[in-house]
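Structural overview
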Amino acid sequence: MEEKRSAWRVLGLALSNRKTGFMLLFGFASGLPFALFLGTLYAWLTEAKVELETMGVFSLIGLAYAFQFLWSPLIDKVDIAGFRRLGRRKQWIVPAQLLIGIILLLLSFSHPSNENIGWFSLLAGIGALASATQDIAINAWRIDVADEEATIDILSTIYQMGYRLAALVGGAFGLIIAARIGWPSTYMVMGAILVAIGIVGLWAPDNDARKGSREGVLDDELLDLRKAGELEPAIRWRALAIVALLWAGAIGGVLTFMFMSLTYAPANRPNPIDFTVNWGPWIIVATVVVPALVAGWLAAQKHGGKHLLAEDAPPSTGAAYVFDHLYRALLLPLIEFVGRLGWSLVLIISLVLTYRICDAIWGTFAYPFYLGELGYTNDEVAFASKFFGVGAIILGLAIGGYMLTVLGRMLTLTIGALLAALTNLLYADLAIGGARMLALSDAIGFTWAIEQLPGGSAKLAKLTLTIGFENLAIGVAGAAFIAWLSSIVSKQYSAVQYALLSSLTLLIGTLGRGALGEMIENQGYYDVFVLTTQIGFIAVFLCLVEWARVARRDRRSGSASLAVQ
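Every chain is numbered independently, its residues counted from 1 as its sequence is written. Restriction of local features to residues with pLDDT of at least 70 applies here, the model being predicted, together with a cutoff of 80 or more for giving and counting side-chain atom pairs; totals for whole chains, interfaces and linings are based on all residues. Hydrogens and water molecules were not included; the side-chain quantities draw on all heavy atoms of the structure.

1. Here's the deal with the overall build of the protein
Each helix corresponds to a stretch of at least 4 residues labelled H or I by DSSP, and each strand to a stretch of at least 2 residues labelled E; elements are numbered beginning at the N terminus. When helices and strands are counted, the protein shows 23 helices and 0 strands. Each residue is placed in one exposure class: buried if its accessible area under a 1.4 Å probe, protein chains only, is under 20% of its type's maximum, exposed if it is over 50%, and partly exposed if it falls in between. By the burial criterion, 50% of the 565 residues in the protein qualify as buried. Here, residues are in contact when the closest pair of their heavy atoms is within 4.5 Å. Partitioning the contacts of the protein with sequence separation of at least 6, the portion at a separation of at least 24 is 83%. As presented, the protein carries roughly 24,800 Å² of accessible surface, and 67% of it is formed by carbon and sulfur atoms. Surface accessibility in these figures is a Shrake-Rupley result with a 1.4 Å probe; residues are shielded only by whichever protein chains are displayed.

Quick look at the structure:
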């Protein structure tokens, strides 16, 4: 009983902390542009009778979110002139929110058509870029400001609640509002909301709200690279050359694709899906996998006492100064990560790749399954997935946040993985008729409740119940996963490390969708859901291994603390 009282006390203190209030606001600000640029915007374009080929240009907007890690080093190491006094993260968050709000207001004054779609798409592209940049900074802010009262577990849960609420406001509610006041007015309202959040964000706390310039701090970091015992500049620069070339090639590939998509005739434009599927994994390899291997080699050289400076070197100037800056931005975050985690990084990457695999892959095939395979209507799917489903996710996040406080991070992470895996079996039952889900719905009175609604039926009840259980599991698993992912990155390099880890879901998603689609064609949905359940069990096993690693680490750190005392 005392433990439960303590858990509620911890939750109460956390929720009354001003950081959690701003976290909810920032989570909402993060989710709203994503819903508006990648969801409801297509509905507006459809009503405006924009050609489908022309609308294909707007799929480029998704690249800003998919490859946001490419410019994450800027968020960690570059200051914006005129905004430095706001703090390390707020100097990026507040301008991005204001810019997104202004872009939405400008879109509200621009009627989309085949004739002026270039200007319209340029505005939307800039807005998506600002939105993705805001996401990087907000994720880093969440990690940086976490403390014993507003813990990373609570902040991660609150962030996702805000994000999911924004998805509902920008998605389903956006459609409802637009049907009554029109699309321009709808986007004007949404833009005003983002501008207001940007202004309120000026008062958000920031644990690095330095007065004046950070140049002195950055120069100190560069001097540290030239102290005795650090790697020789020549070795660092060779490693930097490899990593910089790979990053430049990746960025160049994305920019070339965007240029071709915006300037070529519709018939000659490259296919965004093909680009993401065929080139996306290689971009991840070039900017994450190979640089991690290079960072591991550098960490091993330093640990082994090889290629180290015997005495302090003079401060860098000219080209050497530029190279040191690039090294600090691109390689130091990975070297710190690899040096701190060692071979455990392989376990962590494996868990990142498998924990959310069903979410990463399944979304593409959800509507074909609901509408084509099961024969539900658009309205039925909208009710089950958008309204009831979003509510279930928010409830799941609340449950997940409480479990994190009471049960701890690793137990909640493991339970979340197990629940997410088992809910695939509910869909497997739907794929063969849904008799078990209907029986459960009847037994608990859910069928009766749904039948009281306009258009409600037993068929809708079993779909809604299935989606509800799945989204509850997604909420619990999502709360635990984001909290765990946030806990393993360094506050010093939080923007880069978190962006790189979270981008790995792109790799498994792009690789998995083609194989899953082929399996659906050949074997049907039932076998696919059984397979995704089995993959989910792999994630459960990896959670147990990670739990053991964390317990070992905590025991070692506890022993070290006792030894010092």
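2. Side note on the packing of aromatic side chains
A pair of aromatic rings is counted whenever rings of Phe, Tyr or Trp (Trp by its six-membered ring) have centres within 6.5 Å, and the orientation is called stacked for planes under 30 degrees apart, edge-to-face for over 60 and tilted otherwise. Within this structure, the stated rule accounts for 19 aromatic pairs. Summarising the aromatic geometry, the rings of phenylalanine 34 and tyrosine 163 are spaced 6.5 Å apart at their centres and angled 45° between planes, so their arrangement reads as tilted. Here phenylalanine 34, found in helix α2 (residues 18-47), pairs with tyrosine 163, found in helix α8 (residues 152-181); they are 129 residues apart in sequence, far enough to count as distant. The partly exposed category is assigned to tyrosine 163, whose relative accessible area is 23%. Centroid distance phenylalanine 173 to phenylalanine 387: 6.1 Å. Interplanar angle 50°. Geometry classified as tilted. One end of the pair, phenylalanine 173, is in helix α8; the other, phenylalanine 387, is in helix α17 (residues 378-407), with 214 residues separating them in the sequence. With relative accessibility at 34%, the residue phenylalanine 173 sits in the partly exposed group. Among the aromatic side chains, those forming a connected cluster through ring pairs are Phe369, Tyr370, Tyr427, Tyr525 and Phe529. Consider the ring centre and the ring normal. A charge sits over the ring if Lys NZ or Arg CZ is within 6 Å of that centre and within 35 degrees of that normal. The positively charged end of arginine 142 is found above the aromatic ring belonging to tyrosine 159, 5.1 Å away from the centroid. Taking NZ or CZ as reference, arginine 142 lies 5.2 Å from the ring centre of tyrosine 498, over its face.

3. Notes on the packing of α8 against helix α9 (residues 183-200)
Helix packing for two helices is described by the angle between their axes and how far apart those axes are. Following both chains from N to C, one finds α8 and α9 inclined at 135°, their axes separated by 8 Å at the closest point. What the angle tells us is that α8 and α9 run oblique. Remark: the crossing between α8 and α9 carries right-handed chirality. Of α9, the residues touching α8 (which contributes Val169, Gly170, Gly174, Leu175, Ile177, Ala178 and Ile181) are Trp183, Ser185, Thr186 and Met190. For helices, the axis comes from a line fit to the C-alpha atoms of the stretch in contact; other axes are also lines fit to C-alpha atoms, and the angle between any two N-to-C directions lies between 0 and 180 degrees. In these notes the angle categories are as follows: under 35 degrees is roughly parallel, over 145 is roughly antiparallel, 65 to 115 is roughly perpendicular, and the rest is oblique. Each crossing is labelled by how the near helix is turned from the far one, with a counterclockwise turn of less than a right angle marking it left-handed and a clockwise turn marking it right-handed.

4. Quick notes on the nonpolar core
Within this scheme, the nonpolar core is defined by two criteria: the residues are buried Ala, Val, Leu, Ile, Met, Phe, Trp, Tyr or Cys, and they are joined through side-chain atoms within 4.5 Å. Counting residues in each nonpolar core, the largest one holds 120 residues, and the members touching the most others are Phe37, Phe69, Leu331, Tyr355 and Trp484. Considering every element that reaches this core, the biggest residue donor is helix α7 (residues 117-145), with 14 residues. With near-sequence residues (within four places) excluded, phenylalanine 37 lies in contact with Tyr42, Ile61, Tyr65, Ile100, Ile103, Leu104, Leu107, Ala124, Gly127 and Ala128. Counting residues in each nonpolar core, the second largest holds 18 residues, with Ala366, Phe369, Leu430 and Phe529 among its members.

5. Structural notes on the environment of glycine 478
By the element assignment, glycine 478 lies in helix α21 (residues 458-487). The class of glycine 478 is buried, set by a relative accessible area of 1%. Considered as a pair, glycine 478 and glycine 416 are 62 residues apart in the sequence and their alpha carbons are 7.7 Å apart. Setting aside residues no more than four positions away along its own chain, glycine 478 makes contact with Gln160 and Arg356.

6. Thoughts on the pattern of salt bridges
Each salt bridge in this description consists of a side-chain nitrogen of Lys or Arg and a carboxyl oxygen of Asp or Glu lying within 4 Å of one another. Summed over all chains, the structure comprises 11 salt bridges. Note that aspartate 147 is salt-bridged to lysine 19, the shortest N-O span being 2.7 Å. Here aspartate 147 is found in the loop between α7 and α8, whereas its partner lysine 19 is found in helix α2, with 128 residues between them in sequence. With a relative accessible area of 32%, aspartate 147 lands in the partly exposed category. For the salt bridge of aspartate 554 with arginine 553, the shortest nitrogen-to-oxygen distance reads 3.1 Å.

7. As for the confidence of the model for the protein
pLDDT gives the predictor's per-residue confidence on a scale running from 0 to 100. Summing up the model confidence of the protein, the mean pLDDT is 82 and the portion of residues at 70 or higher is 86%. Ignoring residues within four places in sequence, the model shows residues 209-218, a span with pLDDT below 50, making 17 contacts including any to other chains.

8. A look at the environment of lysine 386
Its location among the elements puts lysine 386 in helix α17. Considered as a pair, lysine 386 and isoleucine 467 are 81 residues apart in the sequence and their alpha carbons are 9.9 Å apart. Discounting chain neighbours no more than four positions away, the residues touching lysine 386 are Leu168, Ala172, Tyr367 and Val381.

9. Observations concerning helix α6 (residues 90-108)
Expected helix span is computed as 1.5 Å times (number of residues minus one). Helix length check: α6, at 19 residues, gives a terminal C-alpha distance of 27 Å against a target of 27 Å (1.5 Å per residue), a fit within 8%. Counted residue by residue, α6 has 14 buried out of 19 residues, so it is predominantly covered.

10. Concerning the packing of α2 against α9
Remark: α2 packs on α9, axes separated minimally by 11 Å, with the N-to-C direction vectors making an angle of 160°. In terms of axis orientation, α2 runs roughly antiparallel to α9. Considering the relative orientation of α2 and α9, their crossing is left-handed. Together, Phe22, Leu25, Phe28, Ala29, Leu32, Pro33, Leu36, Thr40, Leu41, Ala43, Trp44 and Glu47 of α2 and Trp183, Pro184, Tyr187, Met190, Ile193, Leu194, Ile197 and Val200 of α9 make up the contact between the two elements.

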